[in-house]
Amino acid sequence: MRPKPAVEADVPEEVHAAEAVDAGVEEEEEPPSKVTVRGAAEASVELLPSGFAENGLDGFATLRPVLGFAVDDDFAIELGPTFRLRVVDTAPGNRASDIGGVLRRADWDEAADFMQIIQSLRIAPDSSPFYVRAGAMRKKTLGLGHLVNRYSSQENADYHPASVGALLVLGPVRSEFFASDFLFGRILSGDVSVDLGALFSSKAESKDRYLVSLEVAHDSAKSGLPFRPDATVPALALNPATLLHLDGSAVLLRNATLRLMVLLGLGARVTTGAPLGFVVGGAMDATVKELGISVKLEARKQAGGFRQGYFGPNYELSRYADIGFTGTPQADAVLPDGFSFYGEFKLGIGTAVSVDVAAEYFTYGRTDLDTTANFTLLDSWLVAQARFTAVGMGQSGRYHATGGLRARLFKSFYVVANGGTVFFPQVDGTLIRGVTASAGVGVDFER
């Protein structure tokens, strides 16, 4: 369901220094901005596949320094590059291509990889009519999600871009923009919606009820290409893709605990003779005390090179092989003329637990699935997360699972563990899958 438009924040008037006019009356001063500084250092041992041929497990000592600061809710930045130092090099050997024979070059072979230093960036609070967010993106949905839906930029083990998004609200017009790659854009997308209720009525109950929106997304296919230890090997050429989607939605019921919405839309791939896609559906949000539930159901029609949710959770792998580990890239895949049924369920308990499941069944025998779970317990001393994604089940399935845990043992000392599957695109367009695991410790401070 589309997020509610941001509410304009109250901005205090600027306070100027002046002499007191009335004796005994003190003029209130604006409190100074609160600056917070945070630092951390993590060290771990990691097993990571070679990414080529036999794909044996290599051993790494991984270091991650972190430094960040924030000014109230107006600005925050956290920098934290990851350095993988190769200790064990199994066949096929990769040490010859490493930087200095130690630092894993595949993590730093593209200019976009250097943006991994930006772990997070925030300009302006969420309540502001304008804000910017940047960093590693793992579940981005734009608008109603009919083009960019649950997208992750971190599925390619050799590609580490920072993404950037921005929101701008001007009266009844809400504009959201997203670029998957901070340096090159690569996937450039935007969603512009007009609140018809606010445009034609001044009544508060009409606001955010009837929306018309246009979403556009383009993948230039220029960055995030396979790592080439031998620069004489030609780079893989992938085809670009441009899609657009027009949506209309209406909120039928809205109160303190329940919100019901219906929607319909029309989409297309910007190519010669591209078929149109259609969608009709509804969504429900319910909130009871600390419990929040969201359900979304859609019937979809697609064909050829167009599909809803084109830029999905597994797109950074599907751009090489639509399904399975070999075959046609998604930009060149031709879907049968048929229908699909999409459902999404989300459950949240305060800020402690969030679980969601999204699934799409295609009538020609394919099923895609993405589910995540996040737990923040014991006053944030225990944090755990997991994700499972499946693409092309029933045809040529591809499965991706990850999980992580952080447990704080003392105020400034914690342990971390991560594991799951990883994928490495090859210069011939195929994918190689392996298993990774890491465990380590970290120290941090905040002032």
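About the thresholds
Residues numbered from 1 in each chain as written. Predicted model: local features only at pLDDT ≥ 70, side-chain atom pairs only at ≥ 80, totals over all residues. Heavy atoms only, no water. Helix = DSSP H or I, 4+ residues; strand = E, 2+ residues; numbered from the N terminus. Rg over C-alpha atoms; globule rule 2.2 N^0.38 Å. Buried < 20%, exposed > 50% of the residue type's maximum accessible area, 1.4 Å probe, protein only. Contact = heavy atoms within 4.5 Å. Areas by Shrake-Rupley, 256 points an atom, 1.4 Å probe, with all protein chains shown as cover. Phe/Tyr/Trp six-rings, centres within 6.5 Å; stacked < 30°, edge-to-face > 60°. Lys NZ or Arg CZ within 6 Å of the ring centre and 35° of its normal. Salt bridge = Lys/Arg side-chain N within 4 Å of Asp/Glu carboxyl O.

A. Inspection of the overall build of the protein at higher detail. The number of helices and strands found in the protein is two helices and 21 strands. Relative to the compact-globule value of 22 Å for 447 residues, the protein shows a C-alpha radius of gyration of 24 Å, a close match. For the protein, the C-alpha atoms occupy an extent of roughly 80 × 55 × 40 Å along the three principal directions. Taking all 447 residues of the protein together, the buried fraction comes to 47%. Sequence-distant contacts in the protein: of pairs separated by 6 or more residues, those separated by 24 or more amount to 57%. Here the protein displays about 21700 Å² of accessible surface, and carbon together with sulfur accounts for 64% of that area.

B. Seen up close, the packing of aromatic side chains. A complete count under the given rule lists 12 aromatic pairs for this structure. A centroid spacing of 5.7 Å and a plane angle of 45° characterise the contact between Phe-69 and Phe-75, whose relative ring orientation is tilted. A residue is classified by how much of its surface remains accessible, and Phe-69, at 38% relative accessible area, is partly exposed. With a relative accessible area of 26%, Phe-75 lands in the partly exposed category. Cluster of aromatic residues (ring-pair linked, three or more members): Phe-83, Trp-108 and Phe-114. The residue whose ring lies beneath Arg-300 is Tyr-342, and the NZ or CZ to ring-centre distance is 4.2 Å. Over the aromatic face of Phe-362 sits the side chain of Arg-366, whose NZ or CZ is 5.3 Å from the ring centroid.

C. Geometry of the pattern of salt bridges. Here the structure, examined in full by the defined rule, presents 30 salt bridges. Ionic pairing is found between Asp-107 and Arg-104, a salt bridge with its closest N-O pair at 2.6 Å. Taking the relative accessible area as the measure of exposure, Asp-107 reaches 1% and is therefore buried. We classify Arg-104 as buried; its relative accessible area is 3%. A salt bridge links Glu-344 to Lys-346, with the shortest nitrogen-to-oxygen separation between them at 3.8 Å. Since its relative accessible area comes to 11%, Glu-344 is described here as buried. Classification of Lys-346 as partly exposed rests on a relative accessible area of 39%.

Just geometry here; none of it tells us what the structure is for.
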